[in-house]
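Letter by letter, the chains look like this.
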Amino acid sequence: MFSSHKSHAAAEQLRRDCHKAVEWISDYLSRAPELPVLSPLKPGDVLASLPRHAPSGPESFEAILNDLDTKILPGITHWQSPNYFAYFPANSSPPSVAGDLLSSGLGVQGMLWATSPACTELEMRMLDWLVEMLALPEHFLSTSTGGGVIQDSASSANLCAVLAGRERATQFDSNENGCDQRLTAYTSTQAHSSMEKAIKVAGIGRRNLRTIEVDEAFRMKPSALARAIDEDKRSGRVPCFVGATVGTTSTLAIDPLAEIGEICRKHGIWLHVDAAMAGTAALCEEFRHIHKGLEAADSYCFDCHKWMFTNFDCTCFYVRNRNQLTEALTITPEYLRNAASASGSVVDYRDWHIPLGRRFRALKLWCVIRSYGVDGLRTMVRHHVELTSKFVEWLRADSRFEIVAPVSLNLVCFRLKGPDSVSESLMQKLNASGKLFLSHTKLNGRFALRLCVGQTYTEEEHVRSAWEQIQKHASDLAVAAG
């Protein structure tokens, strides 16, 4: 009776508090376009506003929401603002938020099939749906020798790929006796920093990572990769991993997968493809060229939480041969042994990534795909690419600016002509205005602004407003310079 009473009381509290929370979130999304996109606070401002000690007694949810408005919201950079054009998007959407709420309510710990069969099997189905939706190689299907899993981020997926490649190259000896210091790995100078971090965490060592030069379009040079591998093998080294990129962070450059794959096949090296941002574009048939040559990959990942309107965290990671991954990662203490796992007829996703515990992330992905449908998701992706094309037209019509990298999908890299200082000043003024948020990179040693059109709620009016702000502040800088 007591337990039943507590359960009913919890249900009532949840109903009351979540109604208020959903109202707050709904109101936030309505006013997000008017909020300063980049938080204007200084380091320590939020910390100074918070009590030094936890409350001794309970506080009302109304008081918590009030402090969320007054203490937390001023320190938020608004990734869900339609005026957010920095880095890559970290998208959300109403179905995704609802799916995450359902996942939190269920509170599933999906480390084993036995701990919640639906958590595992829905995830398997969602990953198989995405193979079809993106026209990925069939060896990534769960019905093949491979399969997919949801990771927290591309960084974790990249690490798992490195570990699998390391163990395959050493016949799983590194796990037993420590990392062989003859091992070498390869990625381009434009690859995401998580590649270098993965090499460090995996014990291969940063000095054994070869960063391969890129061509004028910032794509890895296959000839340079082949040369580096040959040199290492002649020196008695053991090449174990190549990390290629479909959509680099700086410019969305797409490495030539077919040529890289041929080199990896020749030498028996694990090929991993990181398509964190760009992979979603393959929803659309006209953009599937980005995956040309992907059939040679041993593993692949992309982020639904970047451009597929599913809130963080939701990285899809695929392998050609699941056993090569799970053998590198599995450990089975007595307390995890169960009849279903012992039968070999189920998937235990704890063996597919670093942590033991895992959330029911497939639920929000299920909600998103079903709520928009494949056609709806394609329409949103195409719309963002079309908006990017409009921005490119406006840039090219203004002789003060130059585009400094091939335009790829929904990212434009540009700068004001002249010294780096004027482009840096332009970005600082734009971001300080609160009306938009841009980030930067350096290409061939020169400062460049990046504008990425991918936020869920961005429309032409927001891109046009961004362009007007860019023009205005460029003019102000010219006047100030005399």
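Now for a look at the structure at hand.

The rules behind these values
- Residues numbered from 1 in each chain as written.
- Predicted model: local features only at pLDDT ≥ 70, side-chain atom pairs only at ≥ 80, totals over all residues.
- Heavy atoms only, no water.
- Helix = DSSP H or I, 4+ residues; strand = E, 2+ residues; numbered from the N terminus.
- Buried < 20%, exposed > 50% of the residue type's maximum accessible area, 1.4 Å probe, protein only.
- Contact = heavy atoms within 4.5 Å.
- Areas by Shrake-Rupley, 256 points an atom, 1.4 Å probe, with all protein chains shown as cover.
- Lys, Arg positive; Asp, Glu negative; His and termini not counted.
- Charge placed at Lys NZ, Arg CZ, Asp CG, Glu CD.
- Axes fitted to C-alpha atoms, helices over the stretch in contact; angles between N-to-C directions.
- Parallel < 35°, antiparallel > 145°, perpendicular 65-115°, else oblique.
- Left-handed = near helix turned anticlockwise from the far one by under 90°.
- Nonpolar A, V, L, I, M, F, W, Y, C, P; charged D, E, K, R; others polar.
- Pairing = 2+ DSSP bridges.
- Expected span 1.5 Å × (residues − 1).

## Details of the overall build of the protein
Point 1. Each helix and strand in the protein was counted, giving 16 helices and 11 strands.
Point 2. Each of the three principal axes of the protein carries a C-alpha extent, and together these read 75 × 65 × 45 Å.
Point 3. Going through the 482 residues of the protein one by one, you find that 51% of them count as buried.
Point 4. Sequence separation of 24 or more characterises 74% of the internal contacts of the protein that already satisfy a separation of 6 or more.
Point 5. When the accessible area of the protein is evaluated, it comes to approximately 22300 Å², of which 53% is carbon and sulfur surface.
Point 6. Once the 51 positive and 54 negative side-chain charges of the protein are each reduced to a mean point, those two points are 4 Å apart.

## Notes on the packing of helix H15 (residues 420-433) against helix H16 (residues 460-480)
To describe two helices that pack against each other, one gives the angle between their axes and the distance between the axes.
Point 1. Where H15 meets H16, the axes come as close as 10 Å, and the angle between the chain directions of the two elements is 125°. For the element pair H15 / H16, the angle class is oblique. Crossing of H15 against H16: the hand is right-handed. Across the interface between the two elements, Val422, Ser425, Leu426, Lys429, Leu430 and Ser433 from H15 touch Gln469, Ile470, His473, Ala474 and Leu477 from H16.
Point 2. Here the contact of H15 with H16 is composed, by residue class, of 6 nonpolar, 4 polar and 1 charged.

## What about the sheet that holds strand E8 (residues 401-403)?
Point 1. Strands sit in the order E8-E9-E11-E10 across an open sheet of 4 strands; the sheet is antiparallel. Each of the sheet's edge strands pairs with one partner strand only, and the pair in question is E8 and strand E10 (439-443). Across the sheet, the axes of successive neighbouring strands diverge by a mean angle of 40°, strand direction being ignored.
Point 2. Note that E10 and strand E11 (residues 446-452) share 5 bridges and pair antiparallel.

## Considering helix H5 (residues 117-133)
Point 1. Look at H5: 24 Å from first C-alpha to last across 17 residues, which is about the 24 Å you get at 1.5 Å a residue.
Point 2. When H5 is considered as a whole, its buried residues turn out to be Cys119, Thr120, Leu122, Glu123, Met126, Leu127, Asp128, Leu130, Val131 and Met133.
Point 3. Those residues of H5 hidden inside the fold are in contact with strand E1 (147-151), strand E6 (299-303), helix H11 (304-307), strand E7 (315-319) and helix H14 (362-396).
Point 4. Of the residues flanking the end of H5, it is Ala135, one or two places downstream, whose phi is positive at about 55°.

## Some details on the environment of Pro82
Point 1. Considering the arrangement of structural elements, one finds Pro82 in the loop between helix H3 (61-72) and helix H4 (94-106).
Point 2. With 379 residues separating them in the primary sequence, Pro82 and Glu461 have C-alpha atoms 9.5 Å apart.
Point 3. If we ignore the near neighbours within four places in the chain, the residues touching Pro82 are Pro33, Gln455, Tyr457, Thr458 and His462.

## A word on the environment of Ala154
Point 1. Among the secondary structure elements, Ala154 is positioned in helix H6 (residues 154-169).
Point 2. Ala154 sits in the buried class, given a relative accessible area of 9%.
Point 3. As a C-alpha pair, Ala154 and Asp274 span 120 residues in sequence and 7.4 Å in three-dimensional space.
Point 4. When residues no more than four places from it in sequence are discounted, the contact partners of Ala154 are Asp274, Ala276, Cys301, Asp303 and Thr315.

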